[in-house]
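Observations on the three-dimensional arrangement
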Amino acid sequence: YDTEEHTLRELRIFLRDMCKKLANNRLFFMFTKPVDTEEVPDYTTIIKKPMDLETMMMKVDFHKYECARDFLNDIELICQNALEYNPARTSADKQIRHRACSLRDYAYTLIKTEMDSDFEDKCQEIAKKR
Ligand SMILES: CC(=O)c1nc(NC(=O)[C@H]2CNCCN2)sc1-c1cc(O)cc(O)c1
């Protein structure tokens, strides 16, 4: 009957739904799986902390997120990685950067509008104690 566990369980249900919504949006296709180092051999020489939505879904299941802020930090990482790996003024790189910024803005807005702010406060309080 631990209320903290109830709260974290509810957070995981919410974050799985977030992952699903983001991963199901065709715009964000390139962020859904780890970058394939066979296809993109120089990726890990440039990007030190790869992140993707499938990995984030696994992190939810492994109880790695104790509040929405931790989840958004990984969304931010996906975005920053794409901006770093695609700096050129070409239309290809520009489109990927635009997609990365859309992912970040969409995730923040989804959480801001669908998550009760004092629920997040409660999660952050629990995270602090652990
Ligand atoms: C996610 C990401 O950052 C990414 N960036 C790319 N950049 C380029 O291809 C640019 C780099 N500059 C020179 C011109 N090409 S491709 C790519 C990607 C796309 C997918 O469909 C799956 C996947 O795993 C990774």
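Residues numbered from 1 in each chain as written. Predicted model: local features only at pLDDT ≥ 70, side-chain atom pairs only at ≥ 80, totals over all residues. Heavy atoms only, no water.

On to the environment of Leu72, then. Positionally, Leu72 belongs in helix 4 (residues 68-85). Judged by its relative accessible area of 8%, Leu72 falls in the buried class. Ignoring anything within four residues of it in the chain, the contact list for Leu72 reads Ala107, Tyr108 and Ile111. (Helix = DSSP H or I, 4+ residues; strand = E, 2+ residues; numbered from the N terminus. Buried < 20%, exposed > 50% of the residue type's maximum accessible area, 1.4 Å probe, protein only. Contact = heavy atoms within 4.5 Å.)

Here the focus is the site of the ligand. Every residue lining the ligand is accounted for by Phe29, Met30, Val35, Tyr85, Asn86, Asp93 and Ile96. The contact in question runs from a nitrogen atom of the ligand to an N or O atom on the side chain of Asn86, over 2.6 Å. One nitrogen or oxygen atom from the side chain of Asp93 is found 3.0 Å from a nitrogen atom belonging to the ligand. Taken together, the residues of the shell around the ligand break down into five nonpolar, one polar and one charged. (Near = heavy atom within 4 Å. Polar contact = N/O pair within 3.5 Å; in protein donor to acceptor, adjacent residues only side chain to side chain. Nonpolar A, V, L, I, M, F, W, Y, C, P; charged D, E, K, R; others polar.)

Its volume calculated, the largest pocket comes out at about 390 Å³. In terms of lining residues, the largest pocket is bounded by 20 residues, among which Met30, Lys33, Pro34, Val35 and Tyr43 are the most central. Counting residues per element, the ones that place at least two in the lining of the largest pocket are helix 2 (43-46) and helix 4. It is helix 4 that contributes the most residues to the lining of the largest pocket, four residues altogether. Residues that form the lining of the largest pocket fall into these classes: 12 nonpolar, four polar and four charged. As a volume, the second largest pocket reaches approximately 180 Å³. If you go around the second largest pocket, the residues you meet are Ala68, Arg69, Leu72, Tyr108, Ile111, Lys112, Met115, Asp116, Ser117, Glu120 and Gln124. The set of elements that each furnish at least two residues to the lining of the second largest pocket consists of helix 4, helix 5 (91-114) and helix 6 (117-129). Broken down by class, the residue content of the lining of the second largest pocket amounts to five nonpolar, two polar and four charged. (1 Å grid on protein atoms, 1.4 Å probe; cavity = no way out; pocket = protein on both sides within 12 Å on 5 of 7 lines; lining within 4 Å. Points joined across faces, edges and corners; volume = space filled by probe spheres on them.)

The next subject is the packing of helix 4 against helix 5. Contact pair helix 4 / helix 5: the axes reach a minimum separation of 8 Å and the direction vectors enclose 170 degrees. With respect to their mutual orientation, helix 4 and helix 5 come out roughly antiparallel. In this structure, helix 4 uses Ala68, Phe71, Leu72, Ile75, Glu76, Ile78, Cys79, Ala82, Leu83 and Tyr85 to contact helix 5, whose residues at the interface are Asp93, Ile96, Arg97, Ala100, Cys101, Leu103, Arg104, Ala107, Tyr108 and Ile111. Across the contact of helix 4 with helix 5, the residue classes break down as 16 nonpolar, no polar and four charged. (Axes fitted to C-alpha atoms, helices over the stretch in contact; angles between N-to-C directions. Parallel < 35°, antiparallel > 145°, perpendicular 65-115°, else oblique.)

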